[in-house]
Amino acid sequence: MHFREYIEKLDKNSSITKIKKEVSIDIEAAAVLKTAEPTPLLFENVKGYPNFRVAGNVFCTKTSIADYFGITTSQLIPRLTEAIDKRSPPEVITNAPCQEVVMNGVNLDKLPILKHNESDGGRYISSAVVVTKDSEFGQNLDFHRAMQFSANRMSTRIIKGRDFYKFLEKNGEVDAAYCVGNTPNVLVAAATSVKTGINELEIANALSPMEVTKATTLDLIIPAGCEFVLEGRVFMNDRSNEGPFIDLTETYDIVREEPVFEVRRITHRKNPIWQALLPGALEHKVLMGMPREPTIYKAVNEAGVKCLDVNVNPGGSSWLHAIVKIDKQNEDDGKKAIHAAFQGHRSCKHVFVVDKDINIYDPLEVEWSMATRFQAESGLVDIGKEPGSSLDPSAEPGTKITNKVGFDFTAPLVTKGKGFAKAEFPKVDLRDYIE
Ligand SMILES: Cc1cc2nc3c(=O)[nH]c(=O)nc-3n(C[C@H](O)[C@H](O)[C@H](O)COP(=O)(O)O)c2cc1C
């Protein structure tokens, strides 16, 4: 199911709100999306862009992503783990939907690229899945935000260490296809960090079967059903200012000189729908955090602790915090789980381990377990200073050095005083009592 078919499905279920009023892509659309979050929106009357629609907030929650795959949220971690292990090549087609229209010349002003906020450095593509290739490692998928600064050039943020960064370091310049209007199999696969050389399109296909096609001017295989493709080349040493822009943490990132993406051809579907993705908002968070949950889950289980679920939760910017639910069998399981979770997600700053009776998606329950089951002297694990995340404004600038801490909120196995179980009231059907 392509992006637009999913939007049509949402429409049939009245799960997307269509905005018929004229809306500007200059800050207004982002403001409406943020106000409506997490409700998906389809802007049908985009000021200055009569031939384009803009959709946003489409995959803001784990529930919406699970819904796309036709599974429950608790099946997401096993599904993603299996897709990473059992990758499969997608079907290659010609006459792909994403190439139905080839734009006449390249003029980025003709695309409904949003300016999201007053302080942003410019109009930004934030939802693009970037397809690149290296002669040794093959294809790679990543996300790289891109800020327009001329009719055909953008500066694109490529963090050191990313596979694309490695390709650029090696080759100096690299062909790239920025694909906009993707479904969760492609989005989630692009957000996973797997060994360099693994083609994430094969993870996407294992998540949900898909079609791919060859780009029109580049030797790259791209998702056939996406809405827009910007084909071009990225240059390591041709750089331009990028930023300010809102980070995952909802704080502003600084201006840096980043590689230039020169757009050389734009193709799109007929009646295309631009995919908006609000920086720092829920959709950005869920896509960033969710692929780290299986790696934490695996690391904790491999450490000999029965891990039941993991939530890299939005309150922790879906990156800096992990809540780990375990079936505690031994007194030291909580501490073992803390150490393993940090191995499973190196950028994590705080890990919270809870018992199996705690709903890890309810912050009140997690805090309740801290209030009732935690003693700092025995339950706090100070990992000390280590490199964490470049996204954390409190980490040491440049080195990412941060103080990592784990919290064991699990109850002792042997109760000495009062019990730790939450008292339950009998359940009744209120309809028996209310007329
Ligand atoms: C919505 C979203 C936006 C992102 N934006 C960027 C970005 O601008 N630059 C970047 O280097 N990484 C960005 N990332 C993170 C990487 O693309 C992502 O972690 C990827 O898995 C790294 O893959 P790699 O290990 O194959 O390099 C973004 C991730 C998401 C989900």
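About the cut-offs
- Residues numbered from 1 in each chain as written.
- Predicted model: local features only at pLDDT ≥ 70, side-chain atom pairs only at ≥ 80, totals over all residues.
- Heavy atoms only, no water.
- Helix = DSSP H or I, 4+ residues; strand = E, 2+ residues; numbered from the N terminus.
- Rg over C-alpha atoms; globule rule 2.2 N^0.38 Å.
- Buried < 20%, exposed > 50% of the residue type's maximum accessible area, 1.4 Å probe, protein only.
- Contact = heavy atoms within 4.5 Å.
- Near = heavy atom within 4 Å.
- Polar contact = N/O pair within 3.5 Å; in protein donor to acceptor, adjacent residues only side chain to side chain.
- Areas by Shrake-Rupley, 256 points an atom, 1.4 Å probe, with all protein chains shown as cover.
- Nonpolar A, V, L, I, M, F, W, Y, C, P; charged D, E, K, R; others polar.
- Pairing = 2+ DSSP bridges.
- Domains from an automatic or database assignment.
- Salt bridge = Lys/Arg side-chain N within 4 Å of Asp/Glu carboxyl O.

Take the overall build of the protein next. Counting its secondary structure elements, the protein contains 12 helices and 23 strands. Against the compact-globule benchmark of 22 Å for 435 residues, the protein has a radius of gyration of 23 Å, which places it among compact chains. Projecting the C-alpha coordinates of the protein onto the three principal axes gives extents of approximately 75 × 65 × 40 Å. The buried share of the protein, taken over its 435 residues, is 55%. Within the protein, contacts between residues separated by at least 24 positions form 69% of all contacts whose residues are at least 6 apart in sequence.

What follows concerns the site of the ligand. Around the ligand sit 20 residues in total, of which Asp142, Arg145, Asp163, Ala191 and Ser193 are the nearest. Contact distances for the ligand include 3.0 Å between an oxygen atom and a backbone N or O atom of Ile159. One of the backbone N or O atoms of Asp163 is found 2.8 Å from an oxygen atom in the ligand. Isolated, the ligand exposes 640 Å² of accessible area, and the fraction of that covered by the protein chains is 94%. The set of elements that each furnish at least two residues to the shell around the ligand consists of strand E8 (138–143), helix H6 (184–191) and helix H8 (282–289). Among the residues making up the shell around the ligand, the classes are represented as 8 nonpolar, 5 polar and 7 charged.

Sheet architecture is open: 3 strands sit in the order E4-E12-E13, paired in mixed fashion. A single partner strand is all that each edge strand has here, and the edge strands are strand E4 (91–92) and strand E13 (221–223). The pairing of strand E12 (residues 211–214) with E13 spans 3 bridges and is classified as antiparallel. Across the sheet, residue Thr213 finds its bridge partner in E13, namely Ile222.

Assignment of secondary structure puts Thr213 in strand E12. Relative accessible area serves as the criterion here: at 3%, Thr213 is assigned to the buried category. Among the polar contacts made by the side chain of Thr213, one reaches the main-chain carbonyl oxygen of Ile93 at a distance of 2.7 Å. In contact with Thr213, other than residues within four places in its own chain, are Ile93, Thr94, Ala96, Cys98, Gln99, Leu220, Ile221, Ile222 and Ala224.

We now examine the domain arrangement of the protein. As assigned here, the protein comprises domain 1 (3–287) and domain 2 (291–408). Using C-alpha coordinates to define each centre, domain 1 is positioned 30 Å away from domain 2. With 16 residues of domain 1 at the interface, the matching set in domain 2 holds 16 residues. Put simply, domain 1 and domain 2 have 1 salt bridge between them. Two residues, Lys62 and Glu293, come together in a salt bridge whose shortest N-O distance is 2.7 Å. Of all the secondary-structure elements, those providing two or more residues to the side of domain 1 that touches domain 2 are helix H4 (76–85), H6 and H8. The element best represented in the side of domain 1 that touches domain 2 is H8, accounting for 4 residues. When the residues that make up the side of domain 1 that touches domain 2 are grouped by side-chain class, the tally is 8 nonpolar, 5 polar and 3 charged.

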